[in-house]
Amino acid sequence: MATIDLETEAGRKEALRRMLTIRWFDETAGERFADGEIPGFVHLYIGEEAVGVGACAALEEDDYITSTHRGHGHCIAKGLDPKFMMAELYGKRDGYCNGKGGSMHIADVDAGMLGANGIVGAGPPLGTGAALTIEQKGEDRVALSFLGDGAVAQGQVHSAVNLAATWNLPVIFLVENNHYGEGTPVEEQHNVENLSATAGAYNVPGITVDGMDVTAVNEAVIEARERARSGDGPTFIEAETYRFHGHFEGDEELYREDDEVERWKARDPIDAFSERLMDRGELTEEEFEELQAEAEATIEEALEYAQSAEEPAPDEAYDDMFGAEVPEITSFAQQLRADGSGRTNGGER
Ligand SMILES: Cc1ncc(C[n+]2csc(CCOP(=O)(O)OP(=O)(O)O)c2C)c(N)n1
Ligand SMILES: [Mg+2]
């Protein structure tokens, strides 16, 4: 059974609720980052909610996903708890990775979320690897790798698709074509009109869908999942979407015009879906407001949790590492200073 069945009224409302939760999580993360409360970097998913929710709704709970540097939406869509996500953004001990990963490294293996990733294009090899494990163990589940349009040019993505195709592995590659890789428009990055054409090189079905339409993404992933499960190998899906915020928070966005952003905002996936439900008589304005208030309350609670959670202790810095032998924190810094091999004091050697 799919996690959320969009064929039912209750399922459609749940999908809308998740899209609203993602929107509010990222609006809040953006604000808190601007106020200097959240360290590091945040890349927001606002505008792309239909892709993550449409895709994860089609998966079963024990399916795997791999994510990207823009992964908050994938996490919420896969059912992760916004409290522990927000705590991770805040660098707190209760975060999904004990506060050591931050926004770009949220993972929850038990929930099938194998990790966000700061390395563009590093998700698909993990997805292919997870699919190889599934195949070797004879399990009935699939892996889905999200990747960006920019990542499609990465060599390791092609290795991953080629291997998955050649070995008929149960994996789905889902490209979120938001039309930019940092500040470079997609047409300046690739020599094909549709990125799904890439699939042809590996004899894999490649399709392009409207990524602002949660139902269209959902249907494509349902079909791809069925293909993967029945031993027919991977599918390469391109979902056309758009990020309403800059590449990262603080991006001056000098590479695009305001009217382009406005044109895409007019196709807001949450508005489009809720209006469709209203037209069908399945949702009233009050019910929409209630769902919105619920999403806001969930995130408010997550924020309070994160703000008041504990910091990890310095002596926990090397816990959870594979290596048995690690240097003393102080002597490591002293060593860097002594041999001049690293920056230890804000760039001065
Ligand atoms: C291997 C690698 N190269 C470059 C970067 C720097 N970088 C971070 S995000 C990004 C753009 C990625 O674009 P896309 O895949 O379209 O994802 P989007 O940000 O649009 O979601 C780049 C080049 C990186 N993190 N990793
Ligand atoms: Mg992109």
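Residues numbered from 1 in each chain as written. Chains lettered and ligands numbered in written order. Predicted model: local features only at pLDDT ≥ 70, side-chain atom pairs only at ≥ 80, totals over all residues. Heavy atoms only, no water.

> Would you mind going over the confidence of the model for the chain with me for this structure?
Do not read the fine detail of predicted coordinates wherever pLDDT is low. When pLDDT is averaged along the chain, the result is 94; 93% of the residues meet or exceed 70. Within the model, pLDDT remains below 50 along residues 342-349, and this stretch shows five contacts once partners closer than five positions in the same chain are excluded. (pLDDT = per-residue confidence, 0-100. Contact = heavy atoms within 4.5 Å.)

> I'm lost on the state of the cysteines in this one. Help?
What is meant by a disulfide is a covalent connection between two cysteines, made through their sulfur atoms. Tallied over the entire structure, the rule returns zero disulfides. Of all cysteine sulfurs in the structure, the one in cysteine 75 sits closest to cysteine 56, which takes part in no disulfide; the separation is 9.1 Å. A disulfide-free cysteine, cysteine 97 has its sulfur positioned 9.3 Å from the sulfur of cysteine 75, the nearest such atom. (Disulfide = S-S within 2.5 Å.)

> In this structure, what is going on with the coordination of the magnesium ion (ligand 2)? I would like to understand it.
Around a metal, the ideal angle is 109.5 degrees if four donors adopt a tetrahedral arrangement and 90 or 180 degrees if six donors adopt an octahedral arrangement. Bound to the magnesium ion (ligand 2) are the protein donor atoms Asp149 (OD), Asn178 (OD1) and Tyr180 (O), situated 2.1 Å from the metal. Sequence spacing among the residues donating to the magnesium ion (ligand 2) works out to D-x28-N-x1-Y. Taken as a pair, asparagine 178 and tyrosine 180 share a single burial class, namely buried. (Donors = N, O, S within 2.8 Å, 3.2 Å for Na, K, Ca; no water. Buried < 20%, exposed > 50% of the residue type's maximum accessible area, 1.4 Å probe, protein only.)

> Help me understand the packing of helix 5 (residues 123-137) against helix 6 (residues 155-166), please; the structure alone is not making it clear to me.
The geometry of a pair of packed helices is captured by two quantities: the angle between their axes and the separation between those axes. Between helix 5 and helix 6, the least distance of the axes is 8 Å, while the angle of their chain directions is 20°. Here helix 6 runs roughly parallel to helix 5, going by the angle between their axes. Classified by chirality, the crossing of helix 6 by helix 5 is left-handed. From helix 5, Pro124, Pro125 and Thr128 reach across to helix 6, where they touch Gln156, Val157, Ala160, Leu163 and Ala164. Per-class residue counts for the contact of helix 5 with helix 6 are six nonpolar, two polar and no charged. (Axes fitted to C-alpha atoms, helices over the stretch in contact; angles between N-to-C directions. Helix = DSSP H or I, 4+ residues; strand = E, 2+ residues; numbered from the N terminus. Parallel < 35°, antiparallel > 145°, perpendicular 65-115°, else oblique. Left-handed = near helix turned anticlockwise from the far one by under 90°. Nonpolar A, V, L, I, M, F, W, Y, C, P; charged D, E, K, R; others polar.)

> Explain helix 2 (residues 49-58) here, please?
Every α-helix winds through 3.6 residues per turn, so residues three or four apart in the chain are directed the same way. Buried residues dominate helix 2, accounting for ten of its ten residues. Residues of helix 2 that are buried: Glu49, Ala50, Val51, Gly52, Val53, Gly54, Ala55, Cys56, Ala57 and Ala58.

> Just to check I follow, could you spell out the side chain of glutamate 49 for this structure?
Positionally, glutamate 49 belongs in helix 2. Relative accessible area serves as the criterion here: at 0%, glutamate 49 is assigned to the buried category. Residues within four places of glutamate 49 in sequence aside, it is in contact with Met19, Ile22, Arg23, Pro269 and Ile270.

> In this structure, what is going on with the pattern of salt bridges? I would like to understand it.
A side chain of one charge can pair with a side chain of the opposite charge when the charged atoms of the two come close. Counting across every chain of the model gives 24 salt bridges. Linking arginine 32 and aspartate 35 is a salt bridge whose minimum nitrogen-to-oxygen distance equals 3.1 Å. Here aspartate 35 falls in the exposed class, since its relative accessible area comes to 52%. The salt bridge partner of glutamate 60 is arginine 225, with a shortest N-O separation of 3.8 Å. Placement of glutamate 60 in the loop between helix 2 and strand 1 (64-66) and of arginine 225 in helix 7 (residues 214-229) is noted, with a sequence separation of 165 residues between them. Exposure remark for arginine 225: the relative accessible area of 6% places this residue in the buried category. Members of the salt-bridge network, linked through shared partners, are Glu14, Arg17, Arg18 and Glu294. (Salt bridge = Lys/Arg side-chain N within 4 Å of Asp/Glu carboxyl O.)

> Mind showing me how you'd approach the side chain of serine 274 here?
Mapped onto the fold, serine 274 is located in helix 9 (residues 269-279). Contact partners of serine 274, with chain neighbours within four places excluded, come to Leu16, Leu283 and Phe288.

> Before we go on, may I ask you to explain unusual backbone geometry in this structure?
Phi at glutamate 182 is positive, roughly 50°, even though this residue is not glycine. With respect to the secondary-structure elements, glutamate 182 resides in the loop between strand 4 (180-181) and strand 5 (184-185). By relative accessible area, glutamate 182 is classed as exposed at 52%. One non-glycine residue with positive phi stands out, namely asparagine 203, at about 55°. Locating asparagine 203 in the fold gives a position in the loop between strand 5 and strand 6 (206-210). Relative accessible area serves as the criterion here: at 75%, asparagine 203 is assigned to the exposed category.

> Hey, could you run me through the site of ligand 1 in this one?
What surrounds ligand 1 is a group of 15 residues, the closest being His69, Arg70, Gly118, Gly150 and Tyr180. Histidine 247 places a side-chain nitrogen or oxygen 3.4 Å from an oxygen atom of ligand 1. For the shell around ligand 1, the class distribution of residues is four nonpolar, eight polar and three charged. (Near = heavy atom within 4 Å. Polar contact = N/O pair within 3.5 Å; in protein donor to acceptor, adjacent residues only side chain to side chain.)

> Just checking my understanding: could you explain the packing of helix 1 (residues 9-34) against helix 10 (residues 285-308) for this structure?
Here helix 1 crosses helix 10 at 45°, and the two axes come no closer than 9 Å. Classified by the angle their axes make, helix 1 and helix 10 are oblique. In the packing of helix 1 onto helix 10, the handedness of the crossing is right-handed. For the pair helix 1 and helix 10, the contacting residues are Lys13, Leu16, Arg17, Leu20, Thr21, Trp24, Phe25, Thr28 and Arg32 in the first and Glu287, Phe288, Leu291, Gln292, Glu294, Ala295, Glu296, Ile299, Leu303 and Gln307 in the second.

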